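Structural overview for review
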Amino acid sequence: MTGGYLMKSLIAAAAIAASATPGLSDPNPGDWSAVVAEAAGQTVYWNAWGGSTATNDFIRWAGDQVKSRHDVTVEHVKLSDTADAVSRVLAEKTAGKDQGGAVDLIWINGANFAAMKDKGLLFGPWAQSQPNWGIVDVDGKPAVINDFTVPTDGLESPWAMAQVVFYYDSARLPEPPRTMAALADWAAAHPGRFTFPQPPDFLGATFMKQALYGMVADPAVLQRPVDHVDYTAATAPLWEFLDGLTPHLWRQGRAYPQSGPRQIQMMADGEIDLAISFSPGEASTAIANGELPDTVRSFVMEGGTIGNASFVAIPYNANAKAGAMVLANFLLSPEAQARAQNPDVLGYGTVLAMDKLSAEDRARFDALELGIATLSPADLGPALPEPHPSWMVQIEQDWTAKFGVAK
């Protein structure tokens, strides 16, 4: 759920890349009792997407919990683009500020993680030293250790699972289109009733990657960097699809919603009938919060939809590394994971393995009602792996050149 594209400044910064080995003053992740002791009294500046009231409320709750349990204060630095936090860490590195950085924890994945890892901007490895790492479903959810094909190598900790779904108002759209070709036909017959968030918003870029999955001759090419394949040939069907679709979008593609949550308001207001989400429980959560009518339902495209994990990572120069690790470990707790999965809260998928939990902790999840618009795991179907981060970067740039409108 982290947005943003690979900043030009990051690409140009290869000359200053350095190893992210812990400094002498850094906490030792292998001595967790010392980590907890050092964390007491620290303030963690968690740079995280701030575009959703439900997400902001969850972060506030998590902060309250680690404050009461560990005397760690959490300040949510609300981002519209994760790349803003990445650029800040890069600027500090360029200026030689290798300690006392302004960013302690980042909600991150994809191209932003790949860039930070490549440029030596991350602290670690630390993730697998967390006490709660032992209950993470590494075998069943390989995305928790491979971020958009890039091995995490202990430099980031997962905290939520996501998979693309589409949601629609069944009162206005009895049977939704379940392939991209059918979507194009439906949009042409119902102009203005569909849109997607404007790239570089991550959800808008995800819509294009999802469309590409159904069009590329060999999906395996998506797992390789774009400069290792025939990118032009692979993406030609995508641009042909978008050429046909764009004039039939909301406002004829001359304007786009700026975020995923904006789609909820548009559907509630009757402006659109169909929307994309990266959270299978988002529609149910919106219904529970009174933001959508109870006629809204979710569906997935034939052939599967893209799935990934959300992570938190600690910059190499973070001021509160111990506090950041304590917060990350709490996010992996059954209590926090069950709360995040509750559709009345977030409706996110868990990264935990149910067979590794105690009976009491499993009961937290068993007691959850997934929600009226949430698909069962069987109906959700297979999760397609995220393409290599370079695909998102290049597709965003090309879309902006071809279709981009001023924000």
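Position numbers for residues count from 1 along each chain, tracking the sequence in the order it is written. At least 70 in pLDDT is required for a residue's local features to be given in this predicted model, at least 80 for side-chain atom pairs to be given and counted, and no such filter applies to totals for whole chains, interfaces and linings, which use all residues. The side-chain numbers reported here are obtained from all heavy atoms of the structure, hydrogens and water having been left aside.

Moving on, we get to the packing of aromatic side chains. The pairing test for Phe, Tyr and Trp rings, Trp by its six-membered ring, is centres within 6.5 Å, and the orientation test on the planes gives stacked under 30 degrees, edge-to-face over 60, and tilted for anything in between. For the coordinates displayed, the defined rule picks out 17 aromatic pairs. Seen from their ring centres, F58 and W61 are 5.6 Å apart, and the 35 degrees between their planes marks the pair as tilted. Separated by three residues within a single helix, F58 and W61 lie in helix α3 (residues 53-70), roughly one turn from each other. Grouping residues by exposure puts F58 and W61 together as buried. A centroid spacing of 5.6 Å and a plane angle of 75 degrees characterise the contact between Y168 and F299, whose relative ring orientation is edge-to-face. Strands are runs of DSSP state E lasting at least two residues, helices are runs of H or I lasting at least four, and both sets are numbered from the N terminus onward. With a 1.4 Å probe rolled over the protein chains alone, any residue whose accessible area is under 20% of its type maximum counts as buried; one over 50% counts as exposed, and the rest are partly exposed.

Attention now goes to the pattern of salt bridges. For this document, the term salt bridge refers to a Lys or Arg side-chain nitrogen within 4 Å of an Asp or Glu carboxyl oxygen. Enumeration over the complete set of coordinates arrives at 14 salt bridges. Here R172 ties to D169 by a salt bridge, and the two come within 3.4 Å at their closest N and O atoms. Given the relative accessible area of 35%, R172 is considered partly exposed. Given the relative accessible area of 3%, D169 is considered buried. Here R193 and D273 are joined by a salt bridge, their closest N and O atoms 2.7 Å apart. You can see R193 sitting in the loop between α6 (180-189) and α7 (202-213) and its partner D273 sitting in the loop between α9 (260-268) and β8 (274-277), a full 80 residues away along the chain.

A general trend in soluble globular proteins is that nonpolar side chains are found buried together. Grouped together as the largest cluster of nonpolar side chains are 43 residues, with contacts concentrated most on F207, L242 and W391. At the level of elements, β7 (165-169), α6, α7, α8 (231-245), β8 and α15 (389-403) are the ones that each hand at least two residues to this core. Beyond its immediate chain neighbours, meaning those up to four positions away, F207 contacts F166, M180, L183, F194, F196, F241, L242, L245 and I276. What makes a nonpolar core is a set of buried Ala, Val, Leu, Ile, Met, Phe, Trp, Tyr and Cys residues whose side-chain atoms join them at distances within 4.5 Å. By definition, residues are in contact when any of their heavy atoms lie within 4.5 Å.

Turning our attention to unusual backbone geometry. Omega for the bond connecting G124 with P125 falls within 30 degrees of zero, at 10 degrees, which places this linkage in the cis form. Take P125: it is sitting in the loop between α5 (111-118) and β4 (146-147). Going from P199 to P200, the amide bond is cis rather than trans, its omega being 15 degrees. Among the structural elements, P200 can be located in the loop between α6 and α7.

Our focus in this paragraph is the side chain of T374. By secondary structure assignment, the location of T374 is in the loop between α13 (359-366) and α14 (377-380). Polar contact criterion, stated in full: a pair of N or O atoms within 3.5 Å, where within protein one must be able to donate a hydrogen and the other to accept it, and residues adjacent in sequence count only if both atoms are side-chain atoms. In terms of polar contacts, T374 uses its side chain to reach the backbone carbonyl oxygen of L370, at 2.9 Å.

Quick look at the domain arrangement of the protein chain now. Segmentation of the chain into domains, including their bounds, is taken from an automatic or database domain assignment. Per the domain assignment, the segments of the protein chain are domain 1 (2-159 + 309-373) and domain 2 (165-306 + 384-402). Its C-alpha centre places domain 1 at a distance of 27 Å from the equivalent point of domain 2. Contacts between the two partners involve 25 residues from domain 1, matched on the other side by 25 residues from domain 2. On the surface where domain 1 and domain 2 come into contact, there are zero salt bridges. The tally of links from domain 1 across to domain 2 stands at seven residue pairs in polar contact (both at pLDDT 80 or more). Amino acids are sorted into nonpolar (Ala, Val, Leu, Ile, Met, Phe, Trp, Tyr, Cys and Pro), charged (Asp, Glu, Lys and Arg) and polar (every other residue, Gly among them). Residue composition of the side of domain 1 that touches domain 2, by class: 14 nonpolar, nine polar and two charged.

With that out of the way, let us pick up α8. Here the expected length of a helix is defined as 1.5 Å per residue gap, with one fewer gap than residues. Between its terminal C-alpha atoms α8 stretches 21 Å, which fits the 21 Å expected from 15 residues at 1.5 Å a residue. P237 marks the point of greatest bend in α8, at about 30 degrees. Taken together, the buried positions of α8 are Y231, A234, T235, L238, W239, F241, L242 and L245. Packing partners of the buried residues in α8 comprise α6, α7 and α15. Values of bend correspond, residue by residue, to the angle between axes fitted over the seven residues ending at that residue and the seven starting there.

Here we come to the packing of α3 against helix α12 (residues 334-341). One can describe the packing of α3 onto α12 by two numbers: an axis separation of 11 Å at closest approach and a directional angle of 165 degrees. The angle between the axes of α3 and α12 places the two elements in the roughly antiparallel class. Along this stretch, α3 crosses α12, giving a crossing that reads as right-handed. Touching F58, W61, Q65 and R69 of α3 are E335, A336, R339 and A340, all from α12. By residue class, the composition of the contact of α3 with α12 is four nonpolar, one polar and three charged. Here, axes are lines fitted to C-alpha atoms. For helices the fit covers the stretch in contact, and angles between N-to-C directions go from 0 to 180 degrees. Each angle gets one of four labels, with under 35 degrees taken as roughly parallel, over 145 as roughly antiparallel, 65 to 115 as roughly perpendicular, and the rest as oblique. Two helices crossing with the near one rotated counterclockwise from the far one by less than a right angle form a left-handed crossing, whereas a clockwise rotation gives a right-handed crossing.

The alternating pattern of strand β3 (residues 105-108) places L105 and W107 on one face and I106 and I108 on the opposite face, and all of these are buried. With two bridges connecting them, strand β1 (residues 43-49) and β3 associate as parallel partners. Pairing of W46 across the sheet is with L105, part of β3. Direction of pairing for β3 relative to strand β10 (residues 305-313): antiparallel, over a ladder of three bridges. Bridge assignment links W107 to a residue of β10, and that residue is V312. Strands were regarded as paired on the criterion that DSSP finds at least two bridges between them.

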